[in-house]
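The lines below spell out each chain.
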Amino acid sequence: MTNNTQTPFNAKKYYSNILSIVPFYDEFHKQTLGLVKQLDLQSLSWLDLGCGSGELCLKAAEVFPDICFTMVDPSEQMLELAKEKSLHLNACYICSTSQEINFNSEFDVITAIMSHHYLDTVSRCRAVFNTFHALKDGGIFICFENTVPEFEKLKDFELARWGNFQLDSGRTHEQVNEHLKRCGTSYFPLTISEHISLLRSTGFRVYNIFWHSYMQTGFYAIK
Ligand SMILES: C[S@@+](CC[C@H](N)C(=O)[O-])C[C@H]1O[C@@H](n2cnc3c(N)ncnc32)[C@H](O)[C@@H]1O
């Protein structure tokens, strides 16, 4: 297993940084919890892929007291932080990438919130396949992903809009330019259609977009 992560922040500063970079980042967790709540599941086993500092699971535990979490992240530093914060939860921790996990029909809910955008095409397919395999029948996969517009000529326009959000949040021009340069070089966003097509070809029965803003999209898919 690897401890490599391409998130360019120190684990402890990660969460406060991300709020000034990704518009409505808090909303990703809120929307995810709302979706799971609506399913009205009685007992829950929840796998969080790319759990980072564990914020989503901490919030989920407040809403669903009987939950059993499995938190996965390839960064030992992130996982250690998640562990420190969530000692009071019923949770286990695995240092791994999503493309390396190997579970069979074990989970009701699997989340991957902004975790798979570093992956190339083959690894991303493997990660989604592993997710499908790890879900129980009827289980739900929820992910938030960076997405690029369907029309290539809108990409720069959308990136500039995202950059303006970051400037308004107090980041410098230099920081913003550095960040925007990473699109297509350090992380590799798909279009929304490509995501839908991946979910369909993996075998999910139904899938939908449930949130979109700037260049981020929330998807869910049911096995
Ligand atoms: C942007 S952070 C998101 C953290 C968390 N999901 C959240 O909602 O705040 C991305 C996380 O994905 C992890 N990651 C990177 N490559 C991964 C992979 N191949 N599989 C799973 N997680 C990965 C990083 O270590 C990092 O913790």
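What this report covers is the structure whose coordinates are included nearby. A quick note: this is a predicted structure, and the numbers were derived from the prediction, not measured. (Residues numbered from 1 in each chain as written. Predicted model: local features only at pLDDT ≥ 70, side-chain atom pairs only at ≥ 80, totals over all residues. Heavy atoms only, no water.)

Summing up its helical and strand segments, the protein has 8 helices and 8 strands in all. Each principal axis of the C-alpha distribution contributes one length, and for the protein these read about 45 × 40 × 35 Å. The buried share of the protein, taken over its 223 residues, is 55%. Long-range contacts, defined as pairs at least 24 residues apart, comprise 69% of the intrachain contacts of the protein with a sequence gap of at least 6. Charged side chains of the protein number 19 positive and 25 negative; the gap between the two group centres comes to 2 Å. (Helix = DSSP H or I, 4+ residues; strand = E, 2+ residues; numbered from the N terminus. Buried < 20%, exposed > 50% of the residue type's maximum accessible area, 1.4 Å probe, protein only. Contact = heavy atoms within 4.5 Å. Lys, Arg positive; Asp, Glu negative; His and termini not counted. Charge placed at Lys NZ, Arg CZ, Asp CG, Glu CD.)

Within the secondary structure layout, Thr191 lies in strand β6 (residues 190–191). Relative accessible area serves as the criterion here: at 11%, Thr191 is assigned to the buried category. With near-sequence residues (within four places) excluded, Thr191 lies in contact with Val148, Pro149 and Glu150.

Here the focus is empty space enclosed by the protein. Think of a ball as big as a water molecule: rolled over the atoms, this probe shows where empty space is left. Summed over the entire model, instances satisfying the criterion amount to 1 cavity of 30 Å³ or more. In this structure, the largest cavity spans a volume of roughly 50 Å³. What lines the largest cavity is simply His116, Arg124, Val128, Phe141, Cys143, Glu145, His195, Leu198 and Leu199. When residues of the lining of the largest cavity are traced back to their parent elements, those giving at least two are α5 (121–134), β5 (135–148) and α8 (192–202). A per-class count over the lining of the largest cavity returns 5 nonpolar, 2 polar and 2 charged. (1 Å grid on protein atoms, 1.4 Å probe; cavity = no way out; pocket = protein on both sides within 12 Å on 5 of 7 lines; lining within 4 Å. Points joined across faces, edges and corners; volume = space filled by probe spheres on them. Nonpolar A, V, L, I, M, F, W, Y, C, P; charged D, E, K, R; others polar.)

Another aspect to go through is a nonpolar patch on the surface. Taken together, Phe151, Leu154 and Phe157 make up a surface patch of nonpolar side chains, about 340 Å² in accessible area. Inspection of the secondary structure puts Leu154 in the loop between β5 and α6 (155–168). (Patch = residues over 30% accessible without salt bridge, like charges linked within 9 Å, V, L, I, M, F, W, Y side chains within 5 Å. Areas by Shrake-Rupley, 256 points an atom, 1.4 Å probe, with all protein chains shown as cover. Salt bridge = Lys/Arg side-chain N within 4 Å of Asp/Glu carboxyl O.)

Taken together, the 4 bridges between strand β2 (residues 67–72) and strand β3 (residues 91–94) define a ladder with parallel strand orientation. By the bridge assignment for β3, Phe69 is matched with Ala91. Taken together, β2, helix α4 (residues 76–85) and β3 form a β-α-β motif whose crossover is right-handed. (Pairing = 2+ DSSP bridges. Right-handed = clockwise from strand over helix to strand, strands pointing away.)

A few words now on the packing of aromatic side chains. For the structure shown, the criterion picks out 14 aromatic pairs. Ring geometry for Phe28 and Phe144: centres 4.5 Å apart, planes at 10°, overall stacked. In this pair, Phe28 sits in helix α2 (residues 25–39) while Phe144 sits in strand β5, placing the two residues 116 residues apart along the sequence. In this structure, Phe28 and Phe144 share a single accessibility class: buried. For the pair Phe28 and Trp211, a centre-to-centre distance of 5.2 Å together with 70° between the ring planes defines the contact as edge-to-face. In this pair, Phe28 sits in helix α2 while Trp211 sits in strand β7 (residues 206–213), placing the two residues 183 residues apart along the sequence. Judged by its relative accessible area of 0%, Phe28 falls in the buried class. Counting every residue linked through ring pairs, the aromatic cluster contains Phe24, Tyr25, Phe28, Phe144, Phe165, Phe210, Trp211, Tyr214 and Tyr220. Across the ring face of Tyr214, the terminal group of Arg161 is positioned such that the distance to the ring centre comes to 4.4 Å. The cationic tip of Lys223 hangs over the ring face of Phe132; the distance from NZ or CZ to the ring centre is 4.9 Å. (Phe/Tyr/Trp six-rings, centres within 6.5 Å; stacked < 30°, edge-to-face > 60°. Lys NZ or Arg CZ within 6 Å of the ring centre and 35° of its normal.)

Our focus in this paragraph is the packing of α6 against helix α7 (residues 173–181). Two elements in contact, α6 and α7, have axes whose closest approach is 10 Å; the angle formed by their N-to-C orientations is 145°. As α6 packs across α7, the resulting crossing turns out to be right-handed. Of the residues in α7, those in contact with Leu159, Trp162, Gly163, Gln166 and Leu167 of α6 are His173, Val176, His179 and Leu180. Residues belonging to the contact of α6 with α7 are distributed by class as follows: 5 nonpolar, 4 polar and no charged. (Axes fitted to C-alpha atoms, helices over the stretch in contact; angles between N-to-C directions. Left-handed = near helix turned anticlockwise from the far one by under 90°.)

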